[in-house]
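Secondary and tertiary structure notes
As a plain string of letters, each chain reads:
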Amino acid sequence: MSRSSCLVMLLFSLLRPVMAHAHDPGMTAATLLLEPARATLELSVKGRDLEQESGVRLRYDGEGNVDPAALAEQAGAVRSYIGERAGLAASGRACRPAQVEIEAIEDNVVSIIDFPCGRDDAGLTYATRLLHDIQPATVQTLLVVDGDQSSTFVLDRAHPRLNLNEQPSPAGLVWRFFLAGTTHLFIGFDHIAFLLALILWARRIAPLVKVVTAFTIAHSITLSLAAFSIFVLPSRWVEALIAATVVGVAAENFRSRDAANRWIEAFVLGLFHGFGFASVLADLTIEKDVLVPALFGFNLGVEAGQLVIVAVAVPLLRGVDHLTTPAGQEPRRAPVVVWFLSALIAALGCYWLVERLFMTP
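These lines cover the structure that appears in this document, whether it is placed above or below.

Our focus in this paragraph is the packing of helix α5 (residues 170-187) against helix α10 (residues 291-324). Taken N-terminus to C-terminus, the directions of α5 and α10 make an angle of 45 degrees; their axes are 6 Å apart at the nearest point. As summarised for this structure, α5 and α10 are arranged oblique, according to the angle between their axes. Read as a crossing pair, α5 and α10 show a hand that is right-handed. Among the residues forming the contact of α5 with α10, the class breakdown is 16 nonpolar, seven polar and no charged.

So, on to the state of the cysteines. Per the counting criterion, the structure on display carries one disulfide. Put simply, Cys95 and Cys117 are joined by a disulfide, and their sulfur atoms are 2.2 Å apart. Across the disulfide from Cys95 to Cys117, rotation about the S-S bond amounts to roughly 130 degrees, and the bridge is consequently right-handed. Residue Cys95 is located in the loop between β4 (93-94) and β5 (99-105), and its partner Cys117 is located in the loop between β6 (108-115) and β7 (125-128); the two are separated by 22 residues in the primary sequence. In terms of burial, Cys95 and Cys117 fall into one category: buried.

A separate point is the sheet that holds strand β3 (residues 86-90). Pairing between sheet strands relies on hydrogen bonds along the backbone, with the strands arranged either parallel or antiparallel. Judged by pairing direction, the sheet is antiparallel, and its four strands sit side by side in the order β4-β3-β7-β10 without closing on themselves. Only two strands of the sheet have a single partner each, and these edge strands are β4 and β10 (161-163). Along the sheet face, helix α4 (residues 75-85) touches β3 and β7 and points at about 45 degrees away from the line of β3.

Core analysis: the biggest nonpolar cluster contains 51 residues, and Phe194, Leu198, Ile199, Leu208, Val310 and Ile345 have the highest contact counts within it. Elements with a contribution of two residues or more to this core: α5, α6 (189-199), α7 (208-227), α8 (235-252), α9 (263-282), α10 and α11 (335-359). The biggest single contributor to this core is α10, with 10 residues. Residues in contact with Leu208, not counting those within four places in the same chain, are Ile199, Ala202, Ala259, Val310 and Val314. Leu58, Tyr60, Ile113 and Phe153 belong to the second-largest nonpolar core, a separate cluster that totals 35 residues.

Scoring rules and cut-offs
Residues numbered from 1 in each chain as written. Predicted model: local features only at pLDDT ≥ 70, side-chain atom pairs only at ≥ 80, totals over all residues. Heavy atoms only, no water. Axes fitted to C-alpha atoms, helices over the stretch in contact; angles between N-to-C directions. Helix = DSSP H or I, 4+ residues; strand = E, 2+ residues; numbered from the N terminus. Parallel < 35°, antiparallel > 145°, perpendicular 65-115°, else oblique. Left-handed = near helix turned anticlockwise from the far one by under 90°. Nonpolar A, V, L, I, M, F, W, Y, C, P; charged D, E, K, R; others polar. Disulfide = S-S within 2.5 Å. Buried < 20%, exposed > 50% of the residue type's maximum accessible area, 1.4 Å probe, protein only. Pairing = 2+ DSSP bridges. Contact = heavy atoms within 4.5 Å. Core = buried A, V, L, I, M, F, W, Y, C linked by side-chain atoms within 4.5 Å.

Right under this line is the structure:
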């Protein structure tokens, strides 16, 4: 078997798990209503994420919504799974749920849990391990409502526990959503593929900052429009459009080698990606009065993640330049390398496009 054949087989084996994801895992949402002697937790998780971690099997209708009858059949297993991974404690002792209701809402499984402990209990804490087994980078937003007061928190694997007596600082909120932005970028394989296709011809990092920043500004605009419900597009079509942008940018590499001046293209196509990021925030419980710092932190996180990818990818590509350039000559980018990688990314984009239009219910 030739070296090129081995390389192709290796790349496709590495990309198989990437191709398997029709959506980005790693986001859950919760609302906790506090009363003096009781609390009610409403917890939402994507049905397909729940299946992957808990092992339960659900069914879906033609729109991709969870079948309530199938969920009812698995209600016991779902209750057990949720009870093991999310709950309240007072003075270090677990509050056993008084009642747990499970229902299907679109493509989510929603658990409504009543606890016999509330704000008057000393040392009241909330903790979550939802999806941490399948996606360590999982982020959960928690909206705590206590009478007329409400606060938004962000929990992750590094910070899975919350003392319900503390209030989030603005800086802490921005930082947590910054982490959520970087997390989503690194598990958003279509966004990574789009970015890599943009920079395959680049040999220096500095000129690419303009390209990356144009992409960030663009998706920040549409993300904000969608977050404030000013202009929203259907998620299914947004995801398909994002896949189409991956194909388009990869195909452009066969015509143009000017990576540094693709900022206009990055801006225009980045508008579609903003609606994709908005679908992530739509699954989270965020109060209107904290949307601005949340969006600010999230966008900064995406920008930082993009710059990290660029800072890693460009030196790797330059290393390939040295390997493919004959000894004694100035290293240069071999067109066949860019064309091969672009064809691979375009094929991946086509797979996503077909999957999101025709294969995903």
